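Below are the chains, spelled out letter by letter.
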Amino acid sequence: MSLTVELFDLPAHQFRVFWGASGSMWQSLWDRFLDFTGDNPLALWTVGSYVYTSLIYWSIGLAYTLLDVTGRPAVLRRYKVQPGTNEPVDPARLRTVIRQVLFNQFCTGLPLLFLMYYLLPGQTRDTIRQLPTFVTVVWQLAVCILIEEVMFYYSHRLLHDGRIYRYIHKRHHEWTAPIAITAMYAHPVENVLSNLLPIAVGVWTTGCHISVAWLWFTLAISNTLHVHSGYHLPLLPSPEQHDFHHLKFNQCYGVLGVLDWLHGTSEMFHRSKQAKRDYIMTSLEPVRETHPDE
């Protein structure tokens, strides 16, 4: 009996030791980061978050854009969701997208970060310094994901209402075959209502640590860039559902697809060839070759 207990306790003990060491490592790295940047809560939540999210958006977005502009490496063209589109991307349309995204980031994103800071529970240098526990990070991220799914789905469907669609959301749908940086190519009202608030409300609701907020921003921004990219690459999120939305307009409004299933707004998608391709690739064979059109 004691041997059985020891056998079960050993991996648990090793995990506790590993997590303790890992936690100390992350705390040490965080302390060094704050020693370099300063630990002023207002500056970190506003300017720091603005710089960080912009770096995430443009580093991933420009990597995809270089691929769209140059067509190289050519082997990646095999992974196009809609072959023949944006090959190469039109320079004039690209400049229009870049200008709109930069405007949205500065004129709507930055003010919202200030609002986010003032709506959060009181932030101090001590609370900024202390990283949260692993369990806290997990449940707070889960809440953020669920809130985003609900808010994005319903705000997105609202923007497709025929009475307002042409005034706001039509701009985003100029791209029936999207590229990565069109993720934030939108009317400023849409950018606040459907892009920023679904992400920000989870942060307000949980009152999470800034490190959790930055982790959440990273997940949300990188995901929307990948699903707008027009490429279904190995080990990255599948863009099939959102690409189908840009192609058909009235399908696949959500992020996770749960509310689309509940409301029947993905039935056409699930009858399509794209649905068979809707998975994270774990091999190098493009999904269009695994599941060809004919």
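Residues numbered from 1 in each chain as written. Predicted model: local features only at pLDDT ≥ 70, side-chain atom pairs only at ≥ 80, totals over all residues. Heavy atoms only, no water.

Under the annotation held in an unreviewed UniProt entry, the chain carries the name Fatty acid hydroxylase domain-containing protein and is attributed to Anopheles quadriannulatus.

Pulling in residues and values, what's your account of the side chain of Ser 54?
Of note, Ser 54 is situated in helix 2 (residues 41–70). Looking at Ser 54, the relative accessible area reads 14%, which means it is buried. Of note is the side chain of Ser 54, whose polar atom sits 2.8 Å from the backbone oxygen of Tyr 50. (Helix = DSSP H or I, 4+ residues; strand = E, 2+ residues; numbered from the N terminus. Buried < 20%, exposed > 50% of the residue type's maximum accessible area, 1.4 Å probe, protein only. Polar contact = N/O pair within 3.5 Å; in protein donor to acceptor, adjacent residues only side chain to side chain.)

I'd love a proper account of the packing of helix 3 (residues 91–119) against helix 6 (residues 188–206), names of residues and values included.
At a closest axis distance of 10 Å, the pairing of helix 3 and helix 6 adopts a crossing angle of 35 degrees. In this structure, helix 3 meets helix 6 at a crossing whose hand is right-handed. Counted together, Gln 100, Phe 103, Asn 104, Thr 108, Gly 109, Leu 112, Leu 115, Met 116 and Leu 119 of helix 3 and Pro 188, Asn 191, Val 192, Leu 196, Leu 197, Ala 200, Val 203 and Trp 204 of helix 6 form the full contact between these two elements. (Axes fitted to C-alpha atoms, helices over the stretch in contact; angles between N-to-C directions. Left-handed = near helix turned anticlockwise from the far one by under 90°. Contact = heavy atoms within 4.5 Å.)

Just give me the short version of the layout of surface pockets, but keep the residues and values in it.
The calculated volume of the largest pocket comes to roughly 1100 Å³. In this structure, the largest pocket is lined by 46 residues; those nearest its centre are Glu 148, Ile 199, Ala 220, Ile 221 and Thr 224. Elements represented by at least two residues in the lining of the largest pocket include exactly helix 2, helix 3, helix 5 (134–159), helix 6, helix 7 (210–228) and helix 8 (240–248). Looking at which element gives the most residues to the lining of the largest pocket, the answer is helix 7, with 9 residues. Class assignment for the residues of the lining of the largest pocket results in 27 nonpolar, 16 polar and 3 charged. (1 Å grid on protein atoms, 1.4 Å probe; cavity = no way out; pocket = protein on both sides within 12 Å on 5 of 7 lines; lining within 4 Å. Points joined across faces, edges and corners; volume = space filled by probe spheres on them. Nonpolar A, V, L, I, M, F, W, Y, C, P; charged D, E, K, R; others polar.)

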